[in-house]
Each structure stands twice: as C-alpha cells, then as structure tokens.
Amino acid sequence: MLQDIERYLACPHCGQGLALGGRTLRCPAGHSFDLAKQGYVSLLAGDAHTGTGDTADMVSARTNFLAAGHYRPIADALAEAAVAASPEGLVADLGAGTGYYLSHVLDALPANPGAALDISKFALRRAARAHPRIGAVVCDAWRPLPLRDASAGLVLNVFAPRNGPEIRRALRPGGTLLLVSPTSRHLRELVGALGLLSVDEDKQRRIEEKLGPYLAPAERLEVEFPMRLCAADVRTVVAMGPSAWHTDRAQLDARLAALPDPVEVTASVTVAAYR
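Described in the following lines is the structure provided in the data block. None of the values given here were measured: they were computed from a predicted structure.

## Remarks on the overall build of the protein
Link 1 in the chain: Looking only at helices and strands, the protein has ten helices and eleven strands in total.
Link 2 in the chain: In summary, the protein has a C-alpha radius of gyration of 19 Å against a globular reference of 19 Å for 275 residues, a match within 12%.
Link 3 in the chain: Projected onto its principal axes, the C-alpha coordinates of the protein cover approximately 60 × 40 × 30 Å.
Link 4 in the chain: Within the span of the protein, comprising 275 residues, buried residues form 52% of the whole.

## Re the environment of Val223
Link 1 in the chain: As for its placement among the helices and strands, Val223 is situated in strand S10 (residues 217-229).
Link 2 in the chain: Residues Val223 and Pro182, spaced 41 residues apart in sequence, show a C-alpha to C-alpha distance of 9.6 Å.
Link 3 in the chain: In this structure Val223 touches Pro73, Ala77, Ala267, Ser268, Val269 and Val271, once residues within four positions along its chain are discounted.

## Description of the pairing of strand S8 (residues 152-158)
Link 1 in the chain: In terms of burial, S8 is largely enclosed, as seven of its seven residues are buried.
Link 2 in the chain: Here S8 runs beside strand S9 (residues 171-182); their pairing, made up of six bridges, is parallel. Counterpart to Val155 in the pairing with S9 is Leu177.
Link 3 in the chain: A crossover links S8 with its parallel partner S9, the connecting element being helix H6 (residues 164-170), and its sense is right-handed.

## What about the sheet that holds strand S1 (residues 19-21)?
Two orientations exist for strands paired in a sheet by backbone hydrogen bonds: parallel and antiparallel.
Link 1 in the chain: Within the open sheet, the three strands sit side by side as S1-S2-S3. Their pairing is antiparallel. The sheet is open, and its two borders are formed by S1 and strand S3 (32-34), each paired with just one other strand. Across the sheet, the mean angle separating the axes of adjacent strands is 25° when strand polarity is ignored.

## Some thoughts on the packing of aromatic side chains
Given two aromatic rings, one states the distance between the centres and the angle between the planes to describe the pair.
Link 1 in the chain: For the coordinates displayed, the defined rule picks out three aromatic pairs.
Link 2 in the chain: When the centroid spacing of 6.3 Å and the interplanar angle of 50° are considered together, the rings of Tyr71 and Phe159 count as tilted. Of the two residues, Tyr71 is situated in the loop between helix H2 (56-67) and helix H3 (72-85) and Phe159 in the loop between S8 and H6; the sequence distance between them amounts to 88 residues.
Link 3 in the chain: With relative accessibility at 3%, the residue Tyr71 sits in the buried group.
Link 4 in the chain: An angle of 85° between the planes, with centres 5.0 Å apart, marks the rings of Tyr100 and Tyr101 as edge-to-face. For the pair formed by Tyr100 and Tyr101, the shared burial category is buried.
Link 5 in the chain: Counting every residue linked through ring pairs, the aromatic cluster contains Phe65, Tyr71 and Phe159.

Here is what the cut-offs are and how they apply
- Residues numbered from 1 in each chain as written.
- Predicted model: local features only at pLDDT ≥ 70, side-chain atom pairs only at ≥ 80, totals over all residues.
- Heavy atoms only, no water.
- Helix = DSSP H or I, 4+ residues; strand = E, 2+ residues; numbered from the N terminus.
- Rg over C-alpha atoms; globule rule 2.2 N^0.38 Å.
- Buried < 20%, exposed > 50% of the residue type's maximum accessible area, 1.4 Å probe, protein only.
- Contact = heavy atoms within 4.5 Å.
- Pairing = 2+ DSSP bridges.
- Right-handed = clockwise from strand over helix to strand, strands pointing away.
- Axes fitted to C-alpha atoms, helices over the stretch in contact; angles between N-to-C directions.
- Phe/Tyr/Trp six-rings, centres within 6.5 Å; stacked < 30°, edge-to-face > 60°.

Here it is, written out as structure tokens:
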C-alpha cells in the first residue's frame, strides 16, 4: 500500500519528498498526484512517453504464465538472494510488471515494504493487488526515479531496463541490486523454431560494463531448469515477452503447429548481486 512507501517517494518534478493526504500525494512545492481507483499512482513527468510499456494483452499473458508456476524456481532463487542481502528499508522493483517477483521477495522479508515501479499501468493494476506491502508507482526507468536519495536497501530488476546511475542514487550505503537476466540458453528450443528474439552470449559482460561505474559485482548464480510446455503455454510465453512486439501472428501459428505438444523448453537465467 502507498502508506507504507510514501516516505521513500520523491516528486518527479522537483525531487522533494511526497506525503499522502487522502487519495493524493503532494510535495512541499505544491505538485500533486492522485491515486487511481485501481490502487496505483502515476509519478511520470508530464512529457513522458508510455508507448514502450507492456500492453493489456502482454500483462494478461504474463499473469497466466507466472500463475502456472513455470518460473517459480527463478522467484525462489531471487527470494533466497534477497534474504542473504538482509536489506534495511524499502525493496524497490524496477520494471516490476505484475508484482510476481516482488511478492515472493516480500514474503521472504516480512519487515520490508515494497515499491513496484513500472511504466505500464496495465501491469501495475495487478501489482497494486499482488501483496499487502506493495505500493505501485508508474514511472519511466530511463528518467530520474521517483525515489528519494539512499532510500532503498534492495533494488530488484528482473528482465527489465537498468538505469545504473539512478539505481546507485536510490540505494542506501551498502545496498544491493539483484538483477535477473536471461542467458543465451533461455528458451533456446523456441528461439529458432518460432523466430523469437535471441539473447546475446555477451549479455552479462555488457551488463557489467554498463553498471561498472556505479555498482560493484558480487555473488552470481545461474538458475537453469526444464519446463514442459503445452501449445497454449508456448503461445503465452511468446505473448508476454519482447518477442510479442516483433512476431507475426499468422507466421507464429504455422510454426507452433510444427512443434511437439507438449515441448521441453529450457529456462536459463543469471541471478547477479551488485553492491
């Protein structure tokens, strides 16, 4: 709920702190932001562009796929890493989507509030209801985050954009970023067969190069496991990710028909800590 995280939030216009009165957040300069009836608040600057946010269809697909438990090992590994980090104060999930991963982390950290940060209002409608200690905030990951300096003990980033300088600014001294990114083996059985976007083998190196000026790499764990997906599951995993923007529906249907049903698919990610 926003009451749990208001003291960590900052005005996107002037950077001052925000206070909740009724259903409105206000800063000392007079900027105000009303809570949507679905439970989230938008702290986007006036000229921000939301066209890159997940659509309602993508959010629905992601909700169904995650609810089926296919990525549960990733959520479990992330929660274990969060407990090991022993964060104080806010847990901020940058690119939180529906709040699935943040909810698992908060279950493992019963004393911490959580902020679900995403540019998709469709995703945050679900995140706002995903856990009693989640406050959902619309923002742009590539702009100054609506968080006060040194406000977060832990930042999560799961398959999402990474803004190194802003993550560093928002983290408390000694704070941790937990970053989940796909390896080149992730969904490998589907990438070629369905013409999906592939993962560069140098992805981890490029991530560390971009974060290097701001954060120091620490522990790293690879999480890899098989999934047995029916045709509907395969369609869903395509619809919920970045390939949804680049896949022709008719062509996908034809390629799906050529796959075995069910099909064995590899999930492969890196869970990396930075401090």
